[in-house]
Amino acid sequence: MNLNIKSIVVIIPHRGIGDVIYHLPLLKNLYKNYNTKITIISNKVNKSKDILKKESFVRKIIYFNFDRTNIFSYILKVIHLKRIIDNLNTEILILTDPSKRLVIPIFFCKAKKKIYVGIKSFKEFLFKKKNFRDIPLANHLIELIKSLKLNNTEYS
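We now turn to the structure provided with this report. Predicted, not measured: the structure shown is a model, and the values here were computed from it.

A look at helix α4 (residues 71-87)
For α4, spanning 17 residues, the distance from its first C-alpha to its last is 24 Å, which sits close to the expected 24 Å at 1.5 Å a residue. Three or more residues of α4 are buried, namely Ser-73, Lys-77, Val-78, Leu-81, Ile-84, Ile-85 and Asp-86. If you check the start of α4, you find a side-chain oxygen 3.2 Å away from the backbone N of Phe-72, and it comes from Asn-70. Taken from the residues just after α4, Asn-89 is the one with a positive phi, measuring 50 degrees.

Dropping the structure here:
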């Protein structure tokens with residue numbers, strides 16, 4: 001555990017309220033292990049500001065429109081998301097969906113450590129086709145928590 005981590009960002013692009021709730025063990029364990037409040041970049045429709053408003057581990061929630069659009073808008077969104085992340089001076093960045101429209105800006109951002117749920121490397125992302133959605137999101141998040149090797153993990 002590195003106690004010098006000052007900035008953790010978790011990107012939750014999922015649209016459902018339940019999807020935000022599935023992220024609670026991850027968020028709580030990150031906060032408990034690094035003693036650093038977490039900035040969340042999330043989809044407005046999942047109501048994360050309402051769900052997480054009383055949680056002590058939240059530094060800030062930034063809403064971002066993750067909707068699919070035309071190629072021009074896609075390029076603008078990639079640039080905008082990259083700028084948001086770079087301005088946060090992120091040390092640990094966790095993306096909880098391996099969609100191409102999300103992985104690409106994360107790959108090019110300045111975050112020191114980048115963690116992509118569902119893929120182990122950018123090379124795997126490019127050349128190995130896996131169906132992320134065949135496994136429930138909660139299982140992916142539990143595997144992520146285990147892979148981070150955090151101390152005293154809780155899954156409730």
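From this point on, the discussion continues.
Comments concerning the sheet that holds strand β3 (residues 58-63)
Taken together, five strands build an open sheet; the order of strands is β3-β2-β1-β4-β5 and the sheet is parallel. A single partner strand is all that each edge strand has here, and the edge strands are β3 and β5 (113-116). In this sheet, adjacent strand axes meet at a mean angle of 15 degrees when their direction is disregarded. Looking at chain direction, strand β1 (residues 8-12) and strand β4 (residues 92-95) are connected through four bridges and run parallel. Across the sheet, Val-9 pairs through a bridge with Leu-93, a residue of β4. Running over the sheet, helix α2 (residues 24-34) touches β1, β2 (38-42) and β4 and is turned about 175 degrees from β1.

Quick notes on the rules
Every chain is numbered on its own, with residues counted from 1 as its sequence reads. Residues qualify for local features only when their pLDDT is at least 70, as the model is predicted, and side-chain atom pairs are given and counted only at 80 or more; totals for whole chains, interfaces and linings, by contrast, use all residues. By convention in this description, side-chain values take in all heavy atoms of the structure and omit both hydrogens and water. Elements are defined by DSSP. Helices are runs of H or I of four residues or more, strands are runs of E of two residues or more, and each kind is numbered from the N terminus. Given a helix with a known number of residues, its expected span is that number minus one, times 1.5 Å. Relative accessibility under 20% of the residue-type maximum defines a buried residue, over 50% an exposed one, and the middle range a partly exposed one, all with a 1.4 Å probe and only protein chains included. What qualifies as a polar contact is a pair of N or O atoms within 3.5 Å, subject to a donor-acceptor requirement within protein and to the restriction that residues adjacent in sequence count only when both atoms come from side chains. By definition, two strands form a pair when at least two bridges between them are found by DSSP. Note on geometry: axes are C-alpha line fits, over the in-contact stretch for helices, and angles between N-to-C directions span 0 to 180 degrees. In what follows, residue pairs with any heavy atoms lying within 4.5 Å of each other are defined as contacts.

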